[in-house]
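Okay, here's what each chain looks like letter by letter:
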Amino acid sequence: SACEEGCGCAHAFVRQLAEEVARRLGQAGMRCRGVGLKVWRAKEGWTSATAKGGMGHGACDNLSRSVALERPTASEADLAVIGLKLLQGLAIPHEALRGVGLQATRLEQGAGSAASLSTPWG
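Criteria and cut-off values
Residues numbered from 1 in each chain as written. Predicted model: local features only at pLDDT ≥ 70, side-chain atom pairs only at ≥ 80, totals over all residues. Heavy atoms only, no water. Helix = DSSP H or I, 4+ residues; strand = E, 2+ residues; numbered from the N terminus. Buried < 20%, exposed > 50% of the residue type's maximum accessible area, 1.4 Å probe, protein only. Contact = heavy atoms within 4.5 Å. Areas by Shrake-Rupley, 256 points an atom, 1.4 Å probe, with all protein chains shown as cover. Expected span 1.5 Å × (residues − 1). Core = buried A, V, L, I, M, F, W, Y, C linked by side-chain atoms within 4.5 Å. pLDDT = per-residue confidence, 0-100.

> Tell me what's going on with the overall build of the protein chain, and back it up with residues and numbers.
Helix and strand counts for the protein chain come out as three helices and three strands. In sequence order, the protein chain lays out its α and β elements as α-α-β-β-α-β. In the protein chain, which comprises 122 residues, the proportion classed as buried is 36%. The long-range fraction of contacts in the protein chain, counting pairs at least 24 apart against all pairs at least 6 apart in sequence, stands at 84%. For the protein chain, the exposed surface amounts to about 7200 Å²; the carbon and sulfur share of it is 52%.

Right, here's the structure in full:
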C-alpha cells in the first residue's frame, strides 16, 4: 500500500485536510490570505517501548510552518499544494510523523468564486 511505500498516506491526509478546510471556508463565505501547517514529529530516540500504556502518539516535537499568500483563496487544490509543500519542506521521515493539522489564516470575506493562486504555489 501507499503507507508502506513511504509518505503516500501523509500526502493523502493533507489533501483530505485541504478538502475539509476548503469546505468550511466555502460554508462561511470566506477566503484566506495565509495557510499554516502543524506537525507532530516523534521525538528522536522515542520507541513504543518507552510509551506509557502503549496508547497515543508518544513523545512528540510540535512544529509549525506558515505562508502568506499573494492573493486570497478558498480553493481545495491551492490549499493542498501549499500544505504539501510545507510538509515536504520539513523533511520529516514518514515513520516519525505522528499528526498533521492544516489551518486557514488571515481570513477575509470571499467573492463569488475562489481565487486561484499564482506563483510560487500555482
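> Can you break down helix H2 (residues 8–28) residue by residue, with the values?
Helix length check: H2 (21 residues) gives 30 Å between terminal C-alpha atoms against 30 Å at 1.5 Å per residue, within 8%. Next to the buried residues of H2 lie strand S1 (30–42), strand S2 (60–73), helix H3 (76–90) and strand S3 (97–109). Two residues or fewer past H2, glycine 29 is found with a positive phi of approximately 65 degrees.

> Could you give an account of the nonpolar core, naming the residues involved and the relevant values?
In terms of nonpolar packing, the biggest core is built from 28 residues, with Val35, Leu37, Leu79 and Leu102 touching the most fellow members. Listing elements by their share of this core, those giving two or more residues are H2, S1, S2, H3 and S3. In this structure, leucine 37 is in contact with Leu63, Ser64, Arg65, Gly83, Leu86, Leu87, Leu90, Val100, Gly101 and Leu102, ignoring residues within four places of it in sequence.

> Requested: an account of the confidence of the model for the protein chain, with residues and values cited.
A residue-level look at the protein chain finds 75% of positions with pLDDT of 70 or above and a mean pLDDT of 83. No element of the protein chain has a lower mean pLDDT than helix H1 (residues 2–5), at 45, and none a higher one than H3, at 97. Confidence over residues 112–122 falls short of pLDDT 50; this stretch has 25 contacts with residues more than four positions distant or in other chains.

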